[in-house]
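# Survey of secondary and tertiary structure
Listed here are the chains, written in short residue letters.
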Amino acid sequence: MINAYTSWQPLEEVIVGRAYTPDYFDFIDDAQVRNQLQQILVETEEDLDNLQKTIETYGARVRRPNLMDKDKFQNLQVRGLGAPLPPLTPRDWQISLGQKLLRVLSIQELDSICADFTDQVVNPHKSAWDPDCILNGASASCIVRVGRDVFFDNSDYLRPEQTQWIVDNVLGPEYRIHEAVTDGHGDAVFAILKPGVILSSKHDMHLHLAQDFPGWEVLKIWDSSIWAAMEVGKFKWENNPGAWYVQGQTPTPEFTKFVDTYLNKWTGFVAETVFDVNCLVLDEENVIFSAYNRDVFDFCKRHRINPIISELRHSYFWDGGVSCCTQDLRRRGGLESYL
């Protein structure tokens, strides 16, 4: 049963994304390019498997998406369409709003999971790709749930008319609607760890946190850990100016060209992303982060929150953190007012 009114009530069921397996790219002739990409895929799946185990340790059920059929995948390559996104970041594509599951983007790899909740699913897409769908171009990450209050980021990734459609077709009159502009980067701009406790980033300049969350304590994080990686020379700034970065590797020119031309649907602009905010709250006492940040961890401990590290070595390649790679289906608790 779909049931999630906040990002911090005790987690009971969640989707963890999946990357392609290395054999999907056996066709690459250049051994250096093939090996670099396959190493990223292997390590990504290792990290996602570890994330699953970490979540299960705290008692929640984990669901995983299917992968696109390999023959279909290879057919797309023959047609020159490039590699489609793997089902890695379900938070971008759908969100549980109370007892409804809104499919902002209908990803076929998630169909089998969503089929278990048929009566609770709201899917405005008439087909896998519906050119007339009202939610085309929108991102579920632009929606933040705070019980009875729901915040919408009306920006490039969620237009006002799309917000209105969601309000009219998914939410009821019991909800209060707010605007919180984060320019489409909600999960990397602010995160609510529990009532009264918020993480935010330097990109929160358009938010009114003190006004919207009176009396709540906010820790603003000014720099992401990517800057330390850049400083030690692992980031090829002259070739990839802030776009993507591979931990532990120096991308060759051939690999860079392959990614920028063939995998351009995969990568984002990670120099602006603060992954230390992009976390998964298991409950009010336990939160999963992808890396250590002293200020964040001290802040958590001061508020009696246990920070848990589940490493995602290639967040800066995929432009996706722990929150992006998960989507909560069920949390224990009902609709409450926190503001």
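Provided above is the structure to which this section pertains.
Keep in mind that this is a model prediction, so the values were computed, not measured. (Residues numbered from 1 in each chain as written. Predicted model: local features only at pLDDT ≥ 70, side-chain atom pairs only at ≥ 80, totals over all residues. Heavy atoms only, no water.)

Burial runs high along strand S15 (residues 326-331): five of the six residues are buried. For strand S1 (residues 11-16) and S15, the ladder comprises five bridges, and the chain directions are antiparallel. Along S15, the bridge assignment pairs Leu-11 with Arg-331. (Buried < 20%, exposed > 50% of the residue type's maximum accessible area, 1.4 Å probe, protein only. Helix = DSSP H or I, 4+ residues; strand = E, 2+ residues; numbered from the N terminus. Pairing = 2+ DSSP bridges.)

The strands making up a sheet associate through backbone hydrogen bonding, with each pair oriented either parallel or antiparallel. If you walk across this open sheet you meet the three strands as S9-S10-S11, and the pairing is mixed. Each edge of the open sheet carries a strand with a single partner, namely strand S9 (190-194) and strand S11 (217-221). Taking the axes of each pair of neighbouring strands and ignoring which way they run, one obtains an average angle of 20 degrees across the sheet. Note: S9 against strand S10 (residues 197-201), four bridges, orientation antiparallel. Paired with Lys-194 across the bridge in S10 is Val-197. Along the sheet, helix H8 (residues 294-302) contacts S9, S10 and S11; its crossing angle with S11, the most-contacted strand, is approximately 170 degrees. (Axes fitted to C-alpha atoms, helices over the stretch in contact; angles between N-to-C directions. Contact = heavy atoms within 4.5 Å.)

Quick look at the packing of aromatic side chains now. Applying the stated rule across the entire model yields 22 aromatic pairs. Here the aromatic rings of Phe-275 and Tyr-316 are separated by 4.9 Å at their centres, their planes lie at 70 degrees, and the arrangement is edge-to-face. Placement of the pair is Phe-275 in the loop between helix H7 (253-262) and strand S12 (280-283) and Tyr-316 in helix H9 (residues 315-318), with a sequence separation of 41 residues. Given a relative accessible area of 4%, Phe-275 falls into the buried group. (Phe/Tyr/Trp six-rings, centres within 6.5 Å; stacked < 30°, edge-to-face > 60°.)

On to helix H4 (residues 160-169). Side chains three or four residues apart in an α-helix point the same way, a direct result of the helix having 3.6 residues per turn. All buried positions along H4 are accounted for by Gln-162, Thr-163, Ile-166 and Val-167. An end-on view of H4 places all buried positions within 140 degrees of arc, on one side of the element. H4 presents Pro-160 and Asp-168 as exposed residues on the side facing more than 90 degrees away from its buried surface. On its buried face, H4 sits against strand S3 (94-97), strand S4 (100-103), strand S6 (143-146), strand S7 (149-152) and strand S8 (176-179). (Arc of directions from axis to C-beta.)

This part is about the pairing of strand S14 (residues 306-309). When a strand is regular, its side chains alternate between the sheet's two faces. Looking at chain direction, strand S13 (residues 286-289) and S14 are connected through four bridges and run parallel. Paired with Val-287 across the bridge in S14 is Pro-307. A crossover connection joins S13 to the parallel S14 through H8; in handedness this β-α-β unit is right-handed. (Right-handed = clockwise from strand over helix to strand, strands pointing away.)

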